[in-house]
Each structure stands twice: as C-alpha cells, then as structure tokens.
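Topology and contacts: notes
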Amino acid sequence: MDTVADMRVGEFSDVLSSKAPVPGGGGASAVAAAVGASLGQMVASLTLGKKRYADVQGRIEELIPRFEAVRDELLVLADEDAKAFEPLSRAYGLPKGTEEERVHKAEVMEAALRAACEPPLKIMEKTCEAIDLVDEVSRIGTRIAISDAGAGATLLSAALKAVSLNIFINAKSMADREYAEDLLSHTQEMLDEGCKKADDAYVRVERGIRWPSR
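Just so it is clear, the model here is predicted, and its values are computed rather than measured.

**Digging into the overall build of the chain**
- Each helix and strand counted, the chain has 6 helices and 0 strands in total.
- Counting from the amino terminus, helix and strand elements in the chain follow one another as α-α-α-α-α-α.
- C-alpha atoms of the chain, sized along the principal axes, occupy 75 × 35 × 35 Å.
- Taking all 214 residues of the chain together, the buried fraction comes to 42%.
- Long-range pairs, those at least 24 residues apart, make up 72% of the contacts in the chain with a sequence separation of at least 6.
- Here the chain displays about 11,600 Å² of accessible surface, and carbon together with sulfur accounts for 55% of that area.

**Here's the deal with the environment of Leu 48**
- Mapped onto the fold, Leu 48 is located in the loop between helix H2 (25-47) and helix H3 (57-92).
- The exposure class assigned to Leu 48 is partly exposed, which follows from its relative accessible area of 36%.
- Once the C-alpha coordinates of Leu 48 and Phe 168 are considered, the two residues, 120 residues apart in sequence, prove to be 40 Å apart.
- Aside from chain neighbours lying at most four places away, what touches Leu 48 is Gln 57, Ile 60, Glu 61 and Ile 64.

**A short note on the side chain of Asn 170**
- Here Asn 170 lies in helix H5 (residues 146-172).
- The class for Asn 170 is buried, based on a relative accessible area of 9%.
- When neighbours within four sequence positions are excluded, Asn 170 is seen to be in contact with Leu 88, Leu 113, Ala 116 and Cys 117.

**As for the environment of Pro 65**
- Within the secondary structure layout, Pro 65 lies in helix H3.
- A sequence separation of 24 residues divides Pro 65 from Gln 41, and the C-alpha atoms of the two residues are 8.8 Å apart.

**Some details on the side chain of Ser 157**
- Among the secondary structure elements, Ser 157 is positioned in helix H5.
- For Ser 157, a relative accessible area of 3% puts it in the buried group.
- When sequence neighbours within four positions are dropped, the list of residues in contact with Ser 157 reads Cys 195, Ala 198 and Asp 199.

**Digging into the packing of aromatic side chains**
- Applying the stated criterion to the full structure yields 0 aromatic pairs.
- If you follow Arg 114 out to its NZ or CZ, it ends over the ring of Tyr 179, 3.7 Å from the centre.

**Observations concerning the packing of H3 against helix H4 (residues 99-140)**
- At a minimum axis distance of 9 Å, the contact between H3 and H4 shows a crossing angle of 160 degrees. When the axes of H3 and H4 are compared, the pair comes out roughly antiparallel. Classified by chirality, the crossing of H4 by H3 is left-handed.

**A look at the packing of H5 against helix H6 (residues 177-209)**
- It is the contact of H5 with H6, at a shortest axis distance of 8 Å, that shows an interaxial angle of 165 degrees. Relative to H6, H5 is oriented roughly antiparallel. Two packed elements cross with a definite hand, and for H5 against H6 that hand is left-handed.
- The residue makeup of the contact of H5 with H6, split by class, is 17 nonpolar, 8 polar and 4 charged.

**A closer look at the environment of Phe 168**
- Relative to the helices and strands, Phe 168 resides in helix H5.
- With 72 residues separating them in the primary sequence, Phe 168 and Lys 96 have C-alpha atoms 25 Å apart.
- In this view, Phe 168 contacts Leu 184, Thr 187, Gln 188 and Leu 191; residues no more than four positions away in its chain are not counted.

**Points about H6**
- Taking 1.5 Å of rise per residue, 33 residues should cover 48 Å, and H6 covers 47 Å from first to last C-alpha, within 8% of that figure.
- For H6, every residue scored as buried is listed here: Ala 180, Leu 183, Thr 187, Met 190, Leu 191, Gly 194, Cys 195, Ala 198, Ala 201, Val 205 and Glu 206.
- Buried positions along H6 lie against H4 and H5.

What counts and how
Residues numbered from 1 in each chain as written. Predicted model: local features only at pLDDT ≥ 70, side-chain atom pairs only at ≥ 80, totals over all residues. Heavy atoms only, no water. Helix = DSSP H or I, 4+ residues; strand = E, 2+ residues; numbered from the N terminus. Buried < 20%, exposed > 50% of the residue type's maximum accessible area, 1.4 Å probe, protein only. Contact = heavy atoms within 4.5 Å. Areas by Shrake-Rupley, 256 points an atom, 1.4 Å probe, with all protein chains shown as cover. Phe/Tyr/Trp six-rings, centres within 6.5 Å; stacked < 30°, edge-to-face > 60°. Lys NZ or Arg CZ within 6 Å of the ring centre and 35° of its normal. Axes fitted to C-alpha atoms, helices over the stretch in contact; angles between N-to-C directions. Parallel < 35°, antiparallel > 145°, perpendicular 65-115°, else oblique. Left-handed = near helix turned anticlockwise from the far one by under 90°. Nonpolar A, V, L, I, M, F, W, Y, C, P; charged D, E, K, R; others polar. Expected span 1.5 Å × (residues − 1).

Rendered as structure tokens:
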C-alpha cells in the first residue's frame, strides 16, 4: 500500500472502507487533523502580504512553516499507526491452548498494546499543536477567510476525540493497570485541553460571522 501522503482521497477512502485491517480510525484521525491544519494554513496564507494585517505579518510568516511541518508529521503518523497495529493484530491470533502458550501470548499482547498506543498518542500531540496554531490564526488572520479557521478547529476537535478512542480501547486490555492509568490520564488531559481550545475557537468564529450576531 502506498503511503497515505501519496494516496488520492478516493483511494484512501476505498481502502479505509474495505475489510483491510489498516488504515483504521487512527489513520483517519491523522488525515482529518492534517486537513484541519491545512485550513488553518490557508487562512495564514491569505493573510500573508496584506497591508491591512501589516502588524501581524511577522507572526504569520512564522506560522506558515509550522503548519506545513505539523501537516507532514500527521500524514507520516497515519502510516506509523497502521504499522503499529499489525503486531497487535497478529498477537490476537496467537494460540493459548497450553499454559506456556497463554503466558507467551499475554507477554506479546502487552508489548503490542503499548506499541499500538504510541502513534495515536503522537497524533494527539500533533493535533493539539495544530489546534494551538489554528486558534491563533483565527484571532489574527484575515477576516474574509475566518470561517475556514473555524472549520479547521472543528475538524481538529473531532480528530482529537476520534484518535483518543484507539488509546482507550487498547488501554482497557492492558494487564499493567498502573501503566494503563497513567496513559489514560495523559490522554484525557490532552483531550480535555485540546477540545476546549478548538471548540472555543469555533464558537468565537461562529459568533463573529453570524447574522444577526448572537
């Protein structure tokens, strides 16, 4: 399978809708987050060089490459998520007829569950980074495209919620509950803070463009 970055939208959608185990929710979340970040970058690009926004040109010039970097990283993470799931998929199929097999399967499963959570965690981190960028551009970017910043914030909020589910379902099966609880605490913290900032950005945009204003 081609990398996600090399796939056409239709091709990615076809593979996602098939019986193939990957890509799944994690990869889809990373792509959605990349799209959300792209909308934020579009607003920044439309602000660049505008005399009306001369006072923020320096910051806009800093934001654009940061948007580009986070978009690229999210698409790479979509592929990493698929690779991390494969060992877990194989682990579920290990035999468990004897005590020795059960012990071996438990050990392999625990390691695979931890590994499968690593890309989703990174996707959440990068999505939170993109939310910070979109939130800022929604405040200083050109008003003619501010609705796109709101759209980007909405997609990023959804992506953050979606990818967190991969961590929740894998953590539930972990035998090391102390490790799992630490993982869940970190996940919930990113989820709460990231979604609040993204949702606040959406509301701020929506209130600013609706007529009559609310």
